[in-house]
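# Structural description and commentary
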Amino acid sequence: MPKRMKALAIAAGLGCAALSGVAFATPAAPPAPAAAAPQAAAEGAGVSNTAPTSAAAPATAAPTSPMLAQDGAPATTIDPNVGLPIDGRIGLQPQVTKNGEFAHWMHNGVLLPVITAICILVLVLLAWVAFRYRRAANPVPSKTSHNTLIEVLWTLGPVVVLVLIAIPSIGLLQAQFKPAPAGAVTLKAIGNQWYWTYQYPDHGGIEITANMLKEKDQVSPGERARTDADGPRLLAVDNRIVLPVGVPIRLITTSNDVIHSWAIPAFWMKLDAVPGRLNETSFTIDKPGLYFGQCSELCGARHAFMPIAVQAVPPAQFAAWVAAKGGKMPGSAAPSSSVIPQPGAEGSAVEAAQANAAEAVTGPADNMATPAQSPTSAQGATGNPAGPGNAGQ
Amino acid sequence: MTDTALHPGSAFVGHEDHHHAHHDADHKPGFFARWFLSTNHKDIGTLYLIFAIVAGIIGGAISGLMRAELREPGIQYLGIWAGMLHGGAQSLDQSLHLWNVLITAHGLIMVFFMVMPAMIGGFGNWFVPIMIGAPDMAFPRMNNVSFWLLIPAFTLLLASPFFGSGAGVGWTAYAPLSTFGEPGPSVDMAILSLHLAGASSILGAINFITTIFNMRAPGMTLHKMPLFVWSVLVTAFLLLLSLPVLAAAITMLLTDRNFGTTFFDPAGGGDPILYQHLFWFFGHPEVYIMILPGFGIVSQIIATFSRKPVFGYLGMAYAMVAIGVVGFVVWAHHMFATGLSVNTKMYFTAATMIIAVPTGIKIFSWIATMWGGSMSFKTPMVWAIGFIFMFTVGGVTGVVLANGGIDDYMQDTYYVVAHFHYVLVAGSLFALFAGFYYWSPKWTGHMYNETMGKAHFWLSLITFNVTFFPMHFLGLAGMPRRYADYSAQFTDFNMIATIGAFGFGLSQVFFLFGVIIPTIRGGKKAEAKPWDGAEGLEWTVPSPAPFHTFETPPQFK
């Protein structure tokens, strides 16, 4: 059953991508043209990003102000304790998703104590035998070379420990693979050498291209350089992705060229972006803030230079940002998280409608090659893992 | 309970025909025939050991370059090195590409041209025939072919940066970065290098399996073989079964690159993930190929210096068999972030954890071997004890990484780098050092200097941990691996790691000039059996071992 759910979800995502600009969540939603002018009234956030769809990484538009809002994202300040590494700190990054907190607990509360105890046990045993059975202390060695009981014990002991580890581990996997509910915000991350492009297929086909911001001494005249407000060196990007907090996010990754990997440590999230495949996962960000990640699969020369920055904001602010980007919230004039079904609401009316809509566009879920080749689709990768496509076009 | 029958070699009588010493020189061919056309397992073993030392120096020098670059944030030296390599000023991308060339070369050299030749080709060739009482390997000339295939293989790899921009695809060479991602002859040369190295290892594996199954001295049943021979036997099976899969995978890479096939290209119906499945079906057994002979070496040493037979001999032997078998069905734990299904991840999580059980049996059995023993702490023994603890540390982080859900954080971070260096450096390499000190009297005929050996151990142990322990913290902080540059948040631990790495490198320079070369050139003459607790046939022949051993098989009573 979960497999079918996943297929449906992918179909839904693809349907959105194929429409590329037709916002829909329910069939009742009025279609909006992709070229709709950005709503100038939107919250005063300047729209300087032109969201190009071409494969080339565009030079960043000249900044109009040193404020963060220059990329259209709501202004925010960086919390140095969350969302990015800290020099010299020992330990995992604080987590802002439920699964992340669960995994964080599993590492710090289960795995780390267990492996520390095992290491100490082995160290103590080694020290003891080295001291007690040194030649001076024990000149005549014993001839014992078997003890069935102890051999059985040290076989079963580790088995018990591993079972105790496996129980939360399997639970964590189940939680991580819970499909996104209908109405989740879909974010499609597309890896390129060496930048990320993003699409919000449910939100009027917003497209974002995120390049790493260069340092002051590396930019050409007029080009935007990184400031501390953007984030640390090698982590800051010109156009952040904005996502709502408290709302399930469906992440779909793919690639236009080689394999990349979309990773945000604070979300406990890493998903490869593979050409010819759509990988999907979901998560819910619990806390507003700025979260940084980096490409985590070797992808060529500038592998270290394609960071990921996510700005998590309250849903209302997200809706305003969507509007400022020229997109449209699906299915509601007054976007709010209240209309979005909560996780686990399987088989909801919204989801069924969405699946129907996807099928109406793409045909059966097992034949998804069509939307990937749709001329309105900006994606370069084929939508069907098993079918021919136009990867790397 | 006592059982001397499980004490390999204890029932053998020294059978070295003493007339041999007089005629020894008569049997030796001239220099060229002896070293270039060799059919003698000891000479071929020596060639392998020298080859591994040379490759280790090159691979280690490359890691020195890498740690120098990573000492602090920013690109320090890559541009200079790229200019030296290709001439003239190099663009940023070319400098960054050189980084990928360095990590690729470091990985491939250490795996295929250092650890494997030293363990299997070097110590395996030298001591397996002697330990089972055989006069030589089953196919002596094929043995020579195995070694000499490594020379063109290594040459192809080392030459690849000079024909094109260098292979910067990582030792895993994932498609499509390794297909349309990097045109030019460099990657093709690296692939052909792996083909040759793989062919060399397959031939070697056939040779070891045949030798061990057919040429044991009368009375030496499989269950009486020394554990080192067991470890090489299991390793040879892993090589034989896994390397053809690698050969297939990289052949498909070659045809994808050059002949228009699309095995790994979705545009033609192929799948990049298929390559990863094929690669790791080889790649995971490969990591056991690199550690199992180390287990064997350590088992011999622990028993010798505890003056006690190995505890739970059968359990030790079959734990290695179990590790080998289970090692073939856990490969996808290297691919937890590729988008596997939930059931696949659960299976590979569980299967991977199971490997901890036979590994635990080995750790506990080594400790139980020492328990009740009469231990002396010669250099081989301190290396072996260091191995046990450091390998435990590397092993338990492996249990952490076995969890598919945890890997959504850990995959491709420095935590993984720390993990596999604990098992490959403090595991395989420490076992190689232990083996060197243990068997160098037999190899060179001289005793190494005990003080120098102990100094080498403590220097290496400390600097190794200074280098690699902070990498756990880098991984926990989220630093991805294979990065030429990092943000300032990762500076402290990288700086510590670089300091440690240079210390570790200097420790190995000390080993080369303070131990290896002096021991080969001279030193106290070694007795046939320099360790009073040692058992086994290799200690019944003189030191250095004569050119021919066991022309008539020793009798097992």
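Preceding block: the structure.
Since we're looking at a predicted model, the values are computed, not measured.

Cut-offs applied
- Residues numbered from 1 in each chain as written.
- Chains lettered and ligands numbered in written order.
- Predicted model: local features only at pLDDT ≥ 70, side-chain atom pairs only at ≥ 80, totals over all residues.
- Heavy atoms only, no water.
- Helix = DSSP H or I, 4+ residues; strand = E, 2+ residues; numbered from the N terminus.
- Buried < 20%, exposed > 50% of the residue type's maximum accessible area, 1.4 Å probe, protein only.
- Contact = heavy atoms within 4.5 Å.
- Areas by Shrake-Rupley, 256 points an atom, 1.4 Å probe, with all protein chains shown as cover.
- Salt bridge = Lys/Arg side-chain N within 4 Å of Asp/Glu carboxyl O.
- Buried area = accessible area lost by both parts, 1.4 Å probe.
- Polar contact = N/O pair within 3.5 Å; in protein donor to acceptor, adjacent residues only side chain to side chain.
- Core = buried A, V, L, I, M, F, W, Y, C linked by side-chain atoms within 4.5 Å.
- Pairing = 2+ DSSP bridges.
- Axes fitted to C-alpha atoms, helices over the stretch in contact; angles between N-to-C directions.
- Patch = residues over 30% accessible without salt bridge, like charges linked within 9 Å, V, L, I, M, F, W, Y side chains within 5 Å.
- Phe/Tyr/Trp six-rings, centres within 6.5 Å; stacked < 30°, edge-to-face > 60°.
- Parallel < 35°, antiparallel > 145°, perpendicular 65-115°, else oblique.
- Left-handed = near helix turned anticlockwise from the far one by under 90°.

### Notes on the overall build of chain A
Along chain A, the regular secondary structure elements total 6 helices and 10 strands. Relative to its full complement of 393 residues, chain A shows a buried share of 54%. Restricting to contacts in chain A with at least 6 residues of sequence separation, those with at least 24 account for 69%. Per element, the accessible surface of chain A, about 15600 Å² overall, is 64% carbon and sulfur.

### As for the pattern of salt bridges
Inspection of the entire model under this criterion finds 16 salt bridges over all chains. Here Asp532(B) and Arg135(A) are joined by a salt bridge, their closest N and O atoms 3.2 Å apart. A residue pair is termed interchain when its members come from two chains, as with Asp532(B) in the segment after helix H17 (491–521) and Arg135(A) in the loop between helix H2 (98–132) and helix H3 (148–176). A relative accessible area of 47% places Asp532(B) in the partly exposed class. Residue classification places Arg135(A) among the partly exposed residues on the basis of a relative accessible area of 39%. The network of salt bridges with common partners includes Arg135(A), Arg307(B) and Asp532(B).

### As for the interface of chain A and chain B
Often, the extent of an interface is quoted as the loss of accessible area upon association of its parts. With 92 residues of chain A in contact, the opposing surface of chain B contributes 97 residues. The junction of chain A with chain B conceals about 8100 Å² of combined surface from both sides, 67% of it contributed by carbon and sulfur atoms. Interface area lost by chain A to chain B is led by Trp154(A), Lys270(A) and Leu298(A), which between them contribute 9%. Here chain A is connected to chain B by 4 salt bridges. For Asp93(B), the salt bridge goes to Arg302(A), with nearest N and O atoms at 2.8 Å. Linking chain A with chain B are 31 residue pairs in polar contact (both at pLDDT 80 or more). Secondary-structure elements contributing two or more residues to the side of chain A that touches chain B are H2, H3 and strand E7 (269–273) of chain A.

### Focus on helix H4 (residues 78–86) of chain B
Residue and element names in this part refer to chain B. Every buried residue belonging to H4 is among Leu 78, Trp 81, Ala 82 and Gly 83, and all of these are buried. Elements in contact with the buried residues of H4: helix H3 (41–69) and helix H5 (92–131). Looking at the residues trailing H4, positive phi occurs at Gly 87, about 85 degrees.

### A look at the nonpolar core
Across soluble globular proteins, nonpolar side chains have a tendency to be buried as a group. Trp262(A), Phe112(B) and Phe113(B) are the most contacted members of the largest nonpolar core, which has 270 residues in total. Looking at this core element by element, the count peaks at 25 residues for H5(B). Once you skip the residues sitting within four places of it in the chain, Trp262(A) turns out to touch Leu187(A), Ala189(A), Trp196(A), Tyr198(A), Ile241(A), Leu251(A), Thr253(A), Met269(A), Lys270(A), Leu271(A), Ile308(A) and Val310(A). Membership of the second largest hydrophobic core comes to 6 residues, among which are Phe311(B), Ala319(B), Phe364(B) and Ala368(B).

### Description of the sheet that holds strand E2 (residues 195–200) of chain A
All names here are of chain A. Read across the open sheet, the 5 strands follow the order E3-E2-E1-E5-E8; overall the sheet is mixed. Two strands lie at the open edges of the sheet, namely strand E3 (206–210) and strand E8 (279–284), each paired on one side alone. Strand-to-strand, the axes of this sheet are offset by a mean angle of 25 degrees, without reference to chain direction. Inspection of the sheet shows strand E1 (residues 185–192) paired to E2 by 5 bridges, in the antiparallel sense. Paired with Gly 191 across the two strands is Trp 196, which belongs to E2.

### Some remarks on a nonpolar patch on the surface
Residue and element names in this part refer to chain A. On the surface, a nonpolar cluster with roughly 610 Å² of combined accessible area is contributed by Val 152, Leu 156, Val 159, Val 160, Val 163, Leu 164 and Ile 167. Summarising the element assignment, Leu 156 is placed in helix H3. The class for Leu 156 is partly exposed, based on a relative accessible area of 48%.

### Details of the pairing of strand E5 (residues 248–255) of chain A
Residue and element names in this part refer to chain A. Buried residues dominate E5, accounting for 8 of its 8 residues. The side-chain alternation of E5 yields two buried faces, one formed by Pro 248, Arg 250, Ile 252 and Thr 254 and the other by Ile 249, Leu 251, Thr 253 and Ser 255. Here E5 runs beside E8; their pairing, made up of 6 bridges, is antiparallel. In the sheet register, Pro 248 faces E8, and the bridge partner there is Thr 284.

### Examining the pairing of strand E6 (residues 260–264) of chain A
Residue and element names in this part refer to chain A. Burial analysis of E6 places 5 of its 5 residues in the buried class, which makes it a mostly covered element. The pairing of E6 with E7 spans 5 bridges and is classified as antiparallel. Each bridged residue has a counterpart across the sheet, and for Ala 263 the counterpart in E7 is Lys 270. Counted along the chain from E6 to the antiparallel partner E7, the turn is 4 residues long, and its residue Trp 268 has a positive phi close to 55 degrees.

### As for the packing of aromatic side chains
Residue and element names in this part refer to chain B. Throughout the structure, instances matching the rule amount to 67 aromatic pairs over all chains. Between Trp 383 and Phe 430 the ring centres are 4.8 Å apart and the planes differ by 85 degrees, which places this aromatic pair in the edge-to-face class. Of this pair, Trp 383 sits in helix H13 (residues 379–402) while Phe 430 sits in helix H15 (residues 414–444), placing them 47 residues apart in sequence. A residue is classified by how much of its surface remains accessible, and Trp 383, at 0% relative accessible area, is buried. Residue Phe 430 is classed as buried on the basis of its relative accessible area, which comes to 0%. On the basis of an interplanar angle of 70 degrees and a centroid distance of 4.7 Å, the ring pair of Tyr 422 and Phe 464 is categorised as edge-to-face. Note that Tyr 422 is positioned in helix H15 and Phe 464 in helix H16 (residues 450–477), a separation of 42 residues in sequence. The exposure classification of Tyr 422 matches that of Phe 464, with both residues buried.

### Here's the deal with the sheet that holds strand E9 (residues 289–293) of chain A
The strands that make up a sheet pair up through hydrogen bonds in the backbone, lying either parallel or antiparallel. All names here are of chain A. Here 3 strands make up an open sheet; going across it, the order is E4-E10-E9 and the pairing mixed. Two strands bound the open sheet, and with one partner strand each, they are strand E4 (241–244) and E9. Taken over all neighbouring pairs, the strand axes of this sheet differ in orientation by 30 degrees on average, direction set aside. Where E9 meets strand E10 (residues 308–313), 5 bridges bridge the pair, whose relative direction is antiparallel. Across the sheet, the residue bridging to Phe 292 is Ala 309, located in E10.

### Side note on the packing of H3(B) against H17(B)
Residue and element names in this part refer to chain B. In contact at an axis separation of 9 Å, H3 and H17 are set at 155 degrees when each is read in the N-to-C sense. Between H3 and H17, the crossing angle belongs to the class labelled roughly antiparallel. Our pair here, H3 against H17, has a crossing hand that is left-handed. Contacts between H3 and H17 involve Ile 53, Ile 57, Gly 64, Arg 67 and Ala 68 from the first element and Asn 494, Ala 497, Thr 498, Ala 501, Phe 502, Leu 512 and Ile 516 from the second.

Everything listed here is a matter of geometry and, on its own, says nothing about what the molecule does.
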